[in-house]
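Each chain, written out:
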Protein chains: 4
Amino acid sequence: MSKTADISPHGQQPEDSLELRALYAGFEVEHLMPLWTQLGDLMPVHPKPKAVPHVWKWANLLPLAEASGRLVPVGRGGERRALGLANPGLGGRAYVSPTLWAAIQYLGPHEVAPEHRHSQNAFRFVVEGAGVWTVVNGDPVRMSRGDFLLTPGWNFHGHHNNSDHPMAWIDGLDIPFSWANDVGFFEFGSERVTDYATPNFSRSERLWCHPGLRPLSVLENTVSSPVGAYRWKHTDRALTEQLLLEEDGQPATVEQGHAAVRFINPTTGGDVMPTIRAEFHRLRAGTATPVRREVGSTVFQVYEGKGGVTMAGTEHRLEKGDLFVIPSWVPWSLWSDEQFDLFRFSDAPIMERLNFARTMINGKDG
Amino acid sequence: MSKTADISPHGQQPEDSLELRALYAGFEVEHLMPLWTQLGDLMPVHPKPKAVPHVWKWANLLPLAEASGRLVPVGRGGERRALGLANPGLGGRAYVSPTLWAAIQYLGPHEVAPEHRHSQNAFRFVVEGAGVWTVVNGDPVRMSRGDFLLTPGWNFHGHHNNSDHPMAWIDGLDIPFSWANDVGFFEFGSERVTDYATPNFSRSERLWCHPGLRPLSVLENTVSSPVGAYRWKHTDRALTEQLLLEEDGQPATVEQGHAAVRFINPTTGGDVMPTIRAEFHRLRAGTATPVRREVGSTVFQVYEGKGGVTMAGTEHRLEKGDLFVIPSWVPWSLWSDEQFDLFRFSDAPIMERLNFARTMINGKDG
Amino acid sequence: MSKTADISPHGQQPEDSLELRALYAGFEVEHLMPLWTQLGDLMPVHPKPKAVPHVWKWANLLPLAEASGRLVPVGRGGERRALGLANPGLGGRAYVSPTLWAAIQYLGPHEVAPEHRHSQNAFRFVVEGAGVWTVVNGDPVRMSRGDFLLTPGWNFHGHHNNSDHPMAWIDGLDIPFSWANDVGFFEFGSERVTDYATPNFSRSERLWCHPGLRPLSVLENTVSSPVGAYRWKHTDRALTEQLLLEEDGQPATVEQGHAAVRFINPTTGGDVMPTIRAEFHRLRAGTATPVRREVGSTVFQVYEGKGGVTMAGTEHRLEKGDLFVIPSWVPWSLWSDEQFDLFRFSDAPIMERLNFARTMINGKDG
Amino acid sequence: MSKTADISPHGQQPEDSLELRALYAGFEVEHLMPLWTQLGDLMPVHPKPKAVPHVWKWANLLPLAEASGRLVPVGRGGERRALGLANPGLGGRAYVSPTLWAAIQYLGPHEVAPEHRHSQNAFRFVVEGAGVWTVVNGDPVRMSRGDFLLTPGWNFHGHHNNSDHPMAWIDGLDIPFSWANDVGFFEFGSERVTDYATPNFSRSERLWCHPGLRPLSVLENTVSSPVGAYRWKHTDRALTEQLLLEEDGQPATVEQGHAAVRFINPTTGGDVMPTIRAEFHRLRAGTATPVRREVGSTVFQVYEGKGGVTMAGTEHRLEKGDLFVIPSWVPWSLWSDEQFDLFRFSDAPIMERLNFARTMINGKDG
């Protein structure tokens, strides 16, 4: 039997007999289950996710969000008008992967999503539009195209649309992980948001978003990033510089034609939240990335440009707003027809902190 | 609505209509699920585990293990003659909790459980008996009553019974966590164990088990403890000293009458493995611990003595070998009629590393 | 004898006798010295620095630097035209404190200071002027008023003046610490600088100076900051925002009227180099800071504005460019007549990493 | 000029002139010193310690300690009857190196050294004898041959001789480092020791010295080790096992025939104190170690056996009790005629925490 061959879950079972049936009956009575009848499923030779690779087309999602805007009120109780991406492999739960939640949230003109807080870590990414402010512990944070916003665990937060047009964006959370592991607490806050001001920049940005500078008034490190919003202007600039440096023959990109930045907690240089990693990737026109396999699951959303992803050997053409999920250990590669910008988030901090992280690049350990 | 009242998962739903049904049908087509129909279940006000508190009586488990010894061969394919404790709340999976696996493993006279390795972290605890050696990466480790043995992720390991009598012990692993999050790799090793020597002490102990001393040949820290076995002699001595110090009025115990030690990785002073914490607790006769609620799940096995546990208000009398599980946030307290020794393991490192840990002691944040 | 009274270094000495003299002679022969004759000096009740508080007036230093420009060539061997501040208490060594070196460096029109590298950590701060580029490992870094530049240990660096006017700036290093503890290595590099380009921004800034973003191509943390220059534009903006937030009643400043930022290593959120901390402080007009005593020594340079410092009870009026040193445990306070900007550096990372840090604020442990 | 050639401190000086003399006079007035007149001394191509390698013969030191016992009282003011090893290169200061203090302390029958505490970190090592207890924050710690005792910074400590014979041992501290950097605080404690009990084991050992076990009552890590004494029995056993494992062909020793352990802080696995590393080394008969050069200074004391050390090319034969110092970057090698046991301490934690550590082994970077 090859070292990497799978274990047949029913391979080499004891011979059936009355005694054996009595034994198995005894197991049931005592709430026991033998390992030998289930090992192959429980301990596969490599991750065999139930979740499947899947693409959600923005062109199909947005109209449904808009229809929800007409038919479904937002307010206390339901809390958010959010449509969760349900991985087809996960049996009808609104889980994009076993650890991650991804949803489109929709807020109509002058609507308010009331304040609450929860242990679950959350972020927003804005693929288009503007006009909404997210209020995090009383600090109003403008939402605009390309911005990445944080509402880490146990921070009160609500949203209000200050404009005459609706707005839709992406929510990302660790709801499935929190649910499966029974870690979640939830508390209602104000029925309205606590501050309707609409400043261009949140107080958190004014205090923290100065490169290489840390306020002396906050020398304790924070578990999650204190930054309320990471602005597109900075992200775009960083990616642009990486490609320019690459053109000058300088080390700057992940690999030829592939620029990328990670959103970090400035107090530590590490991930923005304990369970969620967020990054932004840019491919030059005509670039294809190596084939990667990674332990843990990840979600991408196309921000701009044309290209595609190959997951488990299947090609998917992608356009602005399209979302796709790559479950654990599924091989994937990105490719671009024109400059191709993608937002990414994943559960990598969980895998790294618990020492389960593993990567293969083009079939070699990465 | 009170801040802590639960959210009715079906509270405040949009009015039924043909349009709404069409919308919901559209969600299904596009693999979307609305948050507003499921929020209360997904994000409870505090952890509401599906797992339930449960006690397994050693007096009932051991005969079933013995019967398995007669009826079920051990060998390649099934790998281990292990009976997993199946939490009655978890729908017939062999999960003692959402994160943890606990099983009785049984090995007959001169039987061998073949070598393999896996990403899942594992340990053994020996509540009674002796005669088996676990071979970890070629290092034979004696198993005897009271010993705690490690086989951290990706270490080859097998077992062989060098005696004329059977032996049973407890296996603990993070199988449910690894399965749910798709992190597991598995590889077969030797069909037999690679070293049949039966030394009193493993090489790992000879190198590492000298208090306050570190070999200069190993200055890199290791993710998991390099120690193959933590011997009862040391555990018993440490607990005895704590109670003696307490009698002298010195700070030493967790609380009056309650001595406890944590098994640690000597290269870091932290937990023995990235996902599993292991401890040993001793209560003086007539001691009752405060009521604790903790995020994360934990399993105890009674090692010696008489006493009980109260979980969610229900008292359970306990005897040697009995096992019980306390799911997340379930209130619990231990009490003793005579000196009461318990082995404990839990998923606390997961909760702490991901910042979900929370404790209440007698109703106050701990 | 009070617990805090000093130990007389000659208090309670053994009675003089021929035997005692013979004993002391024996000590000399064997290279021994008794503790009892020197304890009070060796182990004072609190730090009693030999270094003294001192102010250097820019108005006096600059002409001497200019004269050096006329009389002293710069080049291989001497390496730098730098005038070290010599603390009057340190016996004629060019040490501003026991750990720190501070110097004015002066470079004439089109002059070049050749490349070299050394274990000693170094920075530059520009109080006025422009026109020089520092080349760090081949990366040209523009120097302009208000900029803070890094050349951490073992990085090759040289300077060239690309302009028709001279330029002077401040060098800060850990030379005294390195010398006293015998840690220094030195190596010559190119006789000229390796790149005469004069870009507005160094490659390091283009890669790293985007708030909250980290290039995916550099995920290993670096011992020292990878940032070549911290620009005045960002520093000024950060300080301005802190004072504006304070006006809005938001927490942002160190204390009322006192804004401050620390220059950090973006890969860790910690100090820019292992031995040197650098900060920028701004006082509103009419502000006085509490009286601080800190273990470790620190140097300030006035960047702009009018005010003063009180050290060990003595007031010193300060103007643009003035430098002053505060030795360990000397009480100090800053005060301002108008908005008062100061650059600061210190050996605080040494004190913190070795656990010697201690602070008193207005007579209380800080 | 070769890249590694030294810089002549007087090489390439400006031409003498009246103007230059006036300039240099100006420097003096303004407390400035030019770099170009001193660079070679300040920044050598590699560490050029003023301290020299030196050996102190126990046979000569002990009689002087005994004579001190007759002629010099011990008590408040002088505090300790300690003879500091004065490195011949350090100008008559009682410094064994720029960072370290090493002394013989001598206490007569039933004498008491009063309690005090100081920021300086201290340890004792007992090369022979017994009978004294060191009381650390009220915890009496027995001193016996081969034991290594800690009194970390700011812990009250005194000594009392409970026997009818005198006792001598080695004190190690970071006095020179603390003095040079102005970090020291000192406070008198009780004139006598606070507890005259003479237990075999200190409370700290009873709580902490159980391999791989940590008391649940102390989960906060401590800056310095909480262990009062590391006993010879454990050290000897650890070294013996390493050599036995080596004989079995197992990795265990630093290099062939060279066993070594580091004394560690069990809460972290790191050094016992923030500034001082302590180790114990054992060479098999007929072993010679490679030639090492290390940044930082170190002191050895021969515990048992016959052998020698070669420092900077000079051989020194060594016997029980002999002490020797190796200054920074001085090449050294140990060799043994018979089994050779040596205690070692150094300032390595300073060098590592500040990133100055560097090693060469047989001429190659280590």
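All chains use their own residue numbering, which begins from 1 and follows the written sequence. Chain labels run from A onward and ligand labels from 1 onward, assigned in the order the entries are written. With the structure being a predicted model, the display of local features is reserved for residues of pLDDT at least 70 and the display and counting of side-chain atom pairs for 80 or more, all residues being used for whole-chain, interface and lining totals. Calculated side-chain values reflect all of the structure's heavy atoms, with hydrogen atoms and water omitted.

The name given to chain A in an unreviewed UniProt entry is Cupin, with Pararhizobium polonicum as the source organism.

A. Inspection of unusual backbone geometry at higher detail. The residue N362(B) is not glycine, and still its phi comes out positive at about 50 degrees. Strands are runs of DSSP state E lasting at least 2 residues, helices are runs of H or I lasting at least 4, and numbering of each runs from the N terminus. The residue N362(B) is located in the loop between β25 (359-361) and β26 (364-365) in this model. Positive phi, close to 60 degrees, is recorded for H110(C), a residue that is not glycine. Note that H110(C) resides in the loop between β4 (101-107) and β5 (112-118).

B. The packing of helix α3 (residues 58-71) of chain A against helix α1 (residues 18-29) of chain B, seen in detail. Simply put, an axis is a line fit to the C-alpha atoms, just over the touching stretch for a helix, and the angle between two N-to-C directions goes from 0 to 180 degrees. Relative to each other, α3(A) and α1(B) sit at 150 degrees, their axes nearing to 10 Å. Between α3(A) and α1(B), the crossing angle belongs to the class labelled roughly antiparallel. α3(A) and α1(B) meet at a crossing whose hand is left-handed. Of α1(B), the residues touching α3(A) (which contributes L64(A), A67(A), S68(A) and L71(A)) are E19(B), L20(B), L23(B), G26(B) and F27(B). Polarity classes work like this: nonpolar for Ala, Val, Leu, Ile, Met, Phe, Trp, Tyr, Cys and Pro, charged for Asp, Glu, Lys and Arg, and polar for all others, with Gly in that last group. Among the residues forming the contact of α3(A) with α1(B), the class breakdown is six nonpolar, two polar and one charged. Any angle between 65 and 115 degrees counts as roughly perpendicular, while under 35 counts as roughly parallel, over 145 as roughly antiparallel, and the rest as oblique. In a left-handed crossing the near helix is turned counterclockwise from the far helix by less than a right angle, and in a right-handed crossing that turn is clockwise. The contact criterion used is simple: two residues touch if any of their non-hydrogen atoms lie within 4.5 Å.

C. Structural view of the sheet that holds strand β10 (residues 157-161) of chain D. Residue and element names in this part refer to chain D. Strand order in the open sheet formed by five strands is β8-β7-β10-β5-β12, and the pairing between neighbours is antiparallel. Each edge of the open sheet carries a strand with a single partner, namely β8 (139-144) and β12 (186-188). Strand-to-strand twist of the sheet, defined as the mean angle between neighbouring strand axes without regard to direction, takes the value 25 degrees. One bridge is not enough; two strands pair if DSSP finds at least two bridges between them.

D. Focus on the sheet that holds strand β14 (residues 229-230) of chain A. Here we have seven strands laid out as an open sheet, ordered β14(A)-β9(A)-β6(A)-β11(A)-β4(A)-β3(A)-β1(B), and antiparallel in their pairing. Edge positions in the sheet fall to β14 of chain A together with β1 (32-34) of chain B, since each of these pairs with one other strand and no more. Bridging between strand β4 (residues 101-107) of chain A and strand β11 (residues 167-173) of chain A involves seven bridges; their strand directions are antiparallel. In the strand pairing of β11(A), A103(A) is matched with D171(A). The sheet strands contacting α3(A) are β3 (82-85), β4 and β11 of chain A together with β1 of chain B, and the helix crosses β4(A) at an angle near 50 degrees.

E. Quick look at the relation of the copies chain B and chain A. A residue counts toward the fit only if its pLDDT is at least 70 in both copies, and the copies are then superposed by least squares on the C-alpha atoms of those residues. Mapping chain B onto chain A is achieved by rotating through 180 degrees and translating by 0.0 Å along the same axis, at an RMSD of 0.0 Å. In the structure described here, the two chain copies are related by an operation that fits a two-fold rotation axis. Using C-alpha coordinates, one finds that chain B approaches the rotation axis most closely at R353(B), a distance of 3.2 Å. A high fraction, 100%, of the interface residues of chain B reappear at the interface in chain A, so the copies pair face to face through one surface.

F. Structural detail: the UniProt feature "domain: Cupin type-2" (unreviewed entry) in chain A. The UniProt record marks residues 105-171 of chain A with the feature "domain: Cupin type-2" (unreviewed entry), using the residue numbering of this structure. Secondary structure within residues 105-171 of chain A divides into 0% helix and 61% strand; the distance between the first and last C-alpha atoms comes to 7 Å. UniProt positions are given in the numbering used here, feature names are shortened, and annotations may be inferred rather than shown by experiment.

G. Examining the relation of the copies chain D and chain C more closely. The transform that puts chain D on chain C rotates by 180 degrees and translates by 0.0 Å along the axis, for an RMSD of 0.0 Å. A share of 100% of interface residues in chain D that are also interface residues in chain C marks the association as one of identical surfaces.

H. Focus on the packing of aromatic side chains. Pairing of aromatic side chains requires ring centres within 6.5 Å, counting the rings of Phe and Tyr and the six-membered ring of Trp. Pairs whose planes differ by under 30 degrees are stacked, by over 60 edge-to-face, and all others tilted. Under the defined criterion, the tally for this structure stands at 90 aromatic pairs over all chains. Chaining the aromatic ring pairs together yields one cluster made of F123(A), F125(A), F148(A), Y230(A), W232(A), F263(A), F280(A), Y303(A), F343(A) and F345(A). Between the NZ or CZ atom of R93(B) and the centre of the ring of W179(B), over which it lies, the distance is 4.5 Å. Two conditions define a charge sitting above a ring: the NZ of Lys or the CZ of Arg must be within 6 Å of the ring centre, and it must be within 35 degrees of the ring normal.

I. Spatial organisation of the interface of chain B and chain A. Counting from both sides, the interface comprises 96 residues of chain B and, opposite them, 96 residues of chain A. Buried area is calculated as the accessible area (1.4 Å probe) missing from two parts once they are joined, with the contributions of both summed. Of the roughly 8,400 Å² buried between chain B and chain A on both sides combined, carbon and sulfur atoms contribute 68%. The three residues of chain B that bury the most area against chain A are D182(B), F185(B) and F356(B), which together make up 9% of that side's buried surface. The term salt bridge refers to a side-chain nitrogen of Lys or Arg lying within 4 Å of a carboxyl oxygen of Asp or Glu. Applying the counting rule to chain B against chain A returns two salt bridges. Here a polar contact is taken to be a pair of N or O atoms separated by no more than 3.5 Å, where protein atoms must pair a possible hydrogen donor with a possible acceptor and residues adjacent in sequence count only if both atoms sit in side chains. If you look at where chain B meets chain A, you find 19 residue pairs in polar contact (both at pLDDT 80 or more). Broken down by class, the residue content of the side of chain B that touches chain A amounts to 54 nonpolar, 26 polar and 16 charged. In this structure, β3(A) lies alongside β1(B), joined through three bridges in antiparallel fashion. The residue bridging G84(A) from the neighbouring strand is M33(B), located in β1(B).

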